[in-house]
Amino acid sequence: MTAPLRPASVAVVFGTRPEIVKLAPVIHALGPAAFVIHTGQHYDEEMSDVFLAQHAVPDPAVWLTAGGRTRSGQVAHIIDGLDRIFAERRLSAVVVQGDTNSTLAGALAANAHNIPIVHVEAGLRSFDRAMPEEHNRVLTDHLADLLCAATAGNVNNLLVEAIPQSRIHLTGNTVAQSVAAQLPAPMVQLDVVEGAGLQSNGYVLATLHRPENTDDPDVLRAILTELAHLPLPVALPLHPRTAAAAAAAGCADLLDQLRVLPPLPSSTFLALAAHAAVLVSDSGGLQEECTVLKRPLVVVRRSTERPESLTDFARLVSAGPEVGLEVRRILGDHAALLARLHQLPSPFGDEFAAARIVEGIAELVGRTVSPEGSLSRT
């Protein structure tokens, strides 16, 4: 039987909105063992504080100030801050999630202090070296002592890279648990939709924030033009990066043709997503959430690290006319498609991923900490 984890012995490091969403179930499952650290990579209240409150994440014990820096500046600042914390505390493990700068920095700092590293959402691969996130996730996987992989495909990616099977734990993804916890009741969902001036199955919900779509003015203009000319109203919760990019590109007028919304709390966004006719996004998390919500998604990206969603729920398209063409194709057979998707299970697992992750953490700690409390990593 695995011994219980000590209070505040497992550092959970995050810095962005998606990490909060994905790690909240893990933090809840860890209970008193969690020592929460916020790197400040996302520091805007609407991108951070709102999500901490809505997902009932305990106030972080430590806040760093990594936001507003370059990629290398963020990684360096976070490592420097974590270095002091990890030197002062007796930690049994450090948990990081996904592929952000906070993820990589947390893993590097833990490795420097010989603290076991747990990587939640391990094994994702886009095989696109132009994506900074690809480098972050690969490096983190090869540093990690426990790799919590969501799917069999993720496990296979790790094995191909010669990561030992003994370090890999097939857990599923916490997305199902997170959506179940945050999706409002059906009548509340309809209230949210109607409150936004929309009708169920009568609008497109779009999100846009990735550099490949926002940093090139021509690409951004092409996507916004397609959204503006769709046959249904388009609701667009506007990421601060996208708002600034549209202004700089001189295409803010295209936003006037959309129903621009502020960044939304998880429950509000999920309610709108659950009733959208089509989702259009470059988000990685939405590629998972759409499989739980049973909604079709048009993914506007060069590549994806979540090919599991492309089998039935999502289609990968390039920026430009393909966006409008794919949305119209989906709308042409919409009722039949929704009926089919409703019957399909999510390829990302069930609502017990967090429990499996914490079970793996407890086993890892039991293997790596001797009775005297000194680390004995292999």
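The structure this text deals with has already been given above.
Predicted model, so just to flag it, every value in this text is computed and none were measured.

Thoughts on the overall build of the protein chain
For the protein chain, the count of helices and strands is 17 helices and 13 strands. Over its C-alpha atoms, taken along the principal directions, the protein chain stretches across nearly 65 × 45 × 40 Å. Every one of the 378 residues in the protein chain was classed for burial, and the buried ones make up 55%. If you take every contact in the protein chain between residues at least 6 apart in sequence, the share linking residues at least 24 apart comes to 67%. When the accessible area of the protein chain is evaluated, it comes to approximately 15,300 Å², of which 56% is carbon and sulfur surface. When the 28 positive and 40 negative side-chain charges of the protein chain are each reduced to one mean point, those points stand 4 Å apart.

Some points on the sheet that holds strand β13 (residues 314-317)
Across the sheet, which stays open at both edges, the six strands sit in the order β10-β9-β8-β11-β12-β13 with parallel pairing between neighbours. The sheet is open, and its two edges are formed by β10 (259-261) and β13, each paired on a single side. Across this sheet, the average inter-strand angle for adjacent strands is 20°, counted without regard to direction. Looking at chain direction, strand β8 (residues 204-207) and strand β11 (residues 278-281) are connected through four bridges and run parallel. Residue Leu-205 lies in a different strand from β11, and its bridge partner there is Leu-279. Taken strand by strand, helix α13 (residues 266-275) contacts β8, β9 (234-237), β10 and β11, and its axis lies near 135° from that of β8.

Details of the nonpolar core
One recurring pattern in soluble globular proteins is that nonpolar side chains are buried together. One finds Leu-205, Leu-224, Leu-227, Leu-258, Val-278, Leu-279 and Val-280 to be the most contacted residues of the largest nonpolar core, which totals 53 residues. Apart from the residues lying within four places of it in its own chain, the contact partners of Leu-224 are Leu-208, Leu-236, Ala-246, Cys-251, Leu-254, Leu-255 and Leu-258. Ala-107, Ala-110, Ala-149 and Leu-158 belong to the second largest nonpolar core, which has 29 residues in total.

What counts and what doesn't
Each chain carries its own residue numbering, running from 1 in the direction its sequence is written. Owing to the predicted nature of the model, reporting of local features is limited to residues with pLDDT of at least 70; listing and counting of side-chain atom pairs is limited to 80 or more, with chain, interface and lining totals taken over all residues. In computing side-chain values, all of the structure's heavy atoms are included and hydrogens and water are not. Counting from the N terminus, the helices are DSSP H or I runs at least four residues long and the strands are E runs at least two residues long. Burial classes follow relative accessibility: with a 1.4 Å probe on protein chains only, a residue under 20% of its type's maximum area counts as buried, one over 50% as exposed, and anything between as partly exposed. We call two residues in contact whenever any of their non-hydrogen atoms come within 4.5 Å of each other. Here the accessible surface of atoms and residues is derived via Shrake-Rupley with a 1.4 Å probe, and residues count as covered only by protein chains that are part of the display. Under the counting rule used here, the positive set is Lys and Arg, the negative set is Asp and Glu, and His together with the chain ends is not counted. We put the charge of a Lys on NZ, of an Arg on CZ, of an Asp on CG and of a Glu on CD. Here a strand pair is declared whenever DSSP counts at least two bridges between the two strands. In this analysis, axes come from line fits to C-alpha atoms, helices being fitted only over the stretch in contact, and the angle between any two N-to-C directions falls in the range 0 to 180 degrees. For this analysis, a nonpolar core means a set of buried residues of the types Ala, Val, Leu, Ile, Met, Phe, Trp, Tyr and Cys, connected via side-chain atoms within 4.5 Å.

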